[in-house]
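# Summary of structural features
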Amino acid sequence: FKSEESEFNNSYIERKEDMEIKFKVDDMSCEHCVNRVKTLLEDQPGVLNAQVNLEKGEATIECEPGTDIYRIADVITEAGYPTKPLENIVV
């Protein structure tokens, strides 16, 4: 018998508490871009809060355990703002 819980997907962070993740977000040039990225982030499953900094080209999210941060980065990238997590996530 193989438990589904034993299968591990590296795109998910296995934690038991909410956490903060920073992303590098490229190609933002104005407050409209900031608002668009913030809205996209806040619309993603598991995201509790999002802050976006135009000057640093960064976004920070507070998210629930098990949030797929790589999928979130893909959504922002697909919207025209190339994005990747800043931290090396160890699972």
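Structure's up top.
First, a word on what this report is: a plain description of the structure on this page. Just so it is clear, the structure is predicted and the values come from calculations on it, not from any experiment.

## Here's the deal with helix α2 (residues 69-78)
Note: α-helices contain 3.6 residues per turn, so residues at a spacing of three or four share the same orientation. Considered for burial, the residues of α2 that qualify are Ile 69, Ile 72, Ala 73, Val 75 and Ile 76. Down the axis of α2, the buried set is contained in an arc of 160°. They therefore lie on one face. Packing partners of the buried residues in α2 comprise β1 (19-25), α1 (31-42), β2 (47-53), β3 (58-63) and β4 (83-85). Looking at where α2 begins, the residue whose side-chain oxygen comes 3.3 Å from the main-chain nitrogen of Tyr 70 is Asp 68. Note on α2: the residue one or two positions beyond its end, Gly 80, has a positive phi of about 105°.

## Considerations on the side chain of Asp 68
Considering the arrangement of structural elements, one finds Asp 68 in the loop between β3 and α2. Summary of buried charges: Asp 68 has no salt-bridge partner, and the nearest side chain of opposite charge, Arg 71, is 6.3 Å away. A distance of 3.3 Å separates the side chain of Asp 68 from the backbone nitrogen of Tyr 70, its partner in a polar contact.

## Regarding the nonpolar core
Core analysis: the largest hydrophobic core is formed by 22 residues, its most contacted members being Phe 23, Val 25, Met 28, Val 37, Leu 41 and Ile 61. Residue assignment for this core shows that the elements contributing at least two residues are β1, α1, β2, β3 and α2.

## A word on the environment of Ala 59
Tracing the chain through its elements places Ala 59 in strand β3. For Ala 59, a relative accessible area of 1% gives the class buried. Considered as a pair, Ala 59 and Phe 23 are 36 residues apart in the sequence and their alpha carbons are 5.1 Å apart.

## Side note on the pattern of salt bridges
This model, assessed by the stated rule, comprises 3 salt bridges. Of the charged contacts, one joins Lys 24 and Asp 26 as a salt bridge, the two residues approaching to 3.9 Å between their closest N and O atoms. Arg 71 is the salt-bridge partner of Glu 78, the closest N and O atoms lying 3.6 Å from each other. For Glu 78, a relative accessible area of 61% translates into the label exposed. Residue Arg 71 is classed as partly exposed on the basis of its relative accessible area of 40%.

## Digging into the pairing of β2
Working note: regular strand, side chains alternate between the two faces of the sheet. In this sheet, β3 lies alongside β2 in antiparallel orientation, the contact comprising 6 bridges. In the strand pairing of β3, Ala 50 is matched with Ile 61.

Rules used throughout
- Residue positions are given per chain, counted from 1 along the sequence in the order it is written.
- Per-residue local features of the predicted model are confined to residues with pLDDT of at least 70, and side-chain atom pairs are confined, for both listing and counting, to 80 or more; whole-chain, interface and lining totals are unaffected and use all residues.
- Each side-chain value is worked out from all heavy atoms of the structure, with water and hydrogens disregarded.
- Each residue's exposure class comes from its accessible area (1.4 Å probe, protein chains only) as a fraction of the maximum for that residue type: buried when under 20%, exposed when over 50%, partly exposed otherwise.
- Helix numbers and strand numbers start at the N terminus; a helix is a DSSP run of H or I with at least 4 residues, a strand a run of E with at least 2.
- Here the arc refers to the directions that run from the helix axis out to each C-beta atom.
- Working rule for contacts: check all heavy atoms of both residues, and any pair within 4.5 Å makes them a contact.
- Between N or O atoms, a polar contact is any pair within 3.5 Å; within protein, one atom must be a potential hydrogen donor and the other a potential acceptor, and residues adjacent in sequence are included only when both atoms are from side chains.
- For this count, His and the chain ends are skipped, Lys and Arg are scored as positive, and Asp and Glu as negative.
- Each salt bridge in this description consists of a side-chain nitrogen of Lys or Arg and a carboxyl oxygen of Asp or Glu lying within 4 Å of one another.
- Throughout, nonpolar core names a set of buried Ala, Val, Leu, Ile, Met, Phe, Trp, Tyr and Cys residues whose side chains join them through atoms within 4.5 Å.
- Two strands are said to pair when DSSP picks up at least two bridges between them.

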